[in-house]
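Residue-level listing of the chains:
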Amino acid sequence: MADQWECLLGAGLGRGFTGTWVESGDAEAVAALLGADLASRQDCDLATAMAHYRPMAFTERLWTGPHADGWTHVLTISGPPPVTTGLTEAGLRFLQIRTMDGYVHDLLYGDGVTTAWATQRWYGEIITEPGSMVEPCLREAGPPTNIPEVVRFGSEITEPKDHNRACLEIFLFLTGRMSSRFIDPEWLGEKRALYTVSPPSVM
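Because the structure is predicted, anything quoted here is derived from the model rather than measured.

Calculation criteria
- Residues numbered from 1 in each chain as written.
- Predicted model: local features only at pLDDT ≥ 70, side-chain atom pairs only at ≥ 80, totals over all residues.
- Heavy atoms only, no water.
- Helix = DSSP H or I, 4+ residues; strand = E, 2+ residues; numbered from the N terminus.
- Buried < 20%, exposed > 50% of the residue type's maximum accessible area, 1.4 Å probe, protein only.
- Contact = heavy atoms within 4.5 Å.
- Areas by Shrake-Rupley, 256 points an atom, 1.4 Å probe, with all protein chains shown as cover.
- Core = buried A, V, L, I, M, F, W, Y, C linked by side-chain atoms within 4.5 Å.

Student: Help me out: how do you make sense of the overall build of the protein in this one?
Tutor: If you tally the helices and strands in the protein, you get seven helices and 13 strands. Relative to its 203 residues, the protein shows a buried fraction of 46%. Residue pairs at least 24 apart in sequence account for 69% of intrachain contacts in the protein once pairs closer than 6 positions are excluded. Within the structure as shown, the protein displays about 10,300 Å² of accessible surface, and the carbon and sulfur contribution to it stands at 52%.

And the structure:
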């Protein structure tokens, strides 16, 4: 699991990223559902796309393309996380990981009908609804190994400094197992489509 995070760090995504894995083989349709301006398409590798890397910038850009058989991956290059309402309305399952400045947000996932969160507890402990689509893979991941000693700050207990890293590794494992493909150097070297996101229309 740790190798995936090292790949992302090596690609320059350490400041933050949003990755969305969507169960659909139609990458262009997925991009459109996430608000991409299809006319803005530029086919490029990740190194080229990263010239626009600005987490939380005003201009939203998505780098998207085939991930595995029947799955599309969308990486937010700049701007906030993409709005997933269109995916749910289209009945598509998805998982979304979001990080920012070392903080890992809870995993957002949709089963094609509703959306929910896989939430974090103590040092890599992930909680999800019984019977959810991520529960089988979460059981397979199991609890983190080498859990550190309790960290105390005065009279309070705080999370260990590697808590976010442990949660991210589990989230990356879940997305890899569900999509049948993990992130590796070959994945990072592939060409995908870079889009800007259309601004919302004003009524």
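Student: Honestly, the nonpolar core in this entry has me stumped. Any pointers?
Tutor: In summary, soluble globular proteins display a tendency toward joint burial of nonpolar side chains. If you look at the biggest cluster of nonpolar residues, it comprises 38 residues, and the most contacted ones within it are Leu 46, Trp 63, Ile 77, Leu 95, Ile 97 and Ile 183. Looking at this core element by element, the count peaks at eight residues for helix α6 (residues 163-179). If we ignore the near neighbours within four places in the chain, the residues touching Ile 97 are Phe 17, Thr 18, Gly 19, Trp 21, Leu 107, Leu 168, Phe 171, Leu 172 and Thr 175. Core analysis: the next-biggest nonpolar cluster, separate from the first, contains 10 residues, Val 30, Leu 34, Leu 62 and Leu 87 among them.

Student: Whenever I open this one, unusual backbone geometry confuses me. Can you help?
Tutor: With the exception of glycine, most residues fall at negative phi, and the peptide bonds are largely trans. Phi is positive for Asp 101, close to 50 degrees, though the residue is something other than glycine. Secondary-structure assignment places Asp 101 in the loop between β6 (93-100) and β7 (103-104). The phi dihedral of Ser 180 falls on the positive side, at around 70 degrees, and the residue is not glycine. Structurally, Ser 180 is set in the loop between α6 and α7 (185-189). Using a relative accessible area of 65% as the deciding quantity, one classes Ser 180 as exposed.

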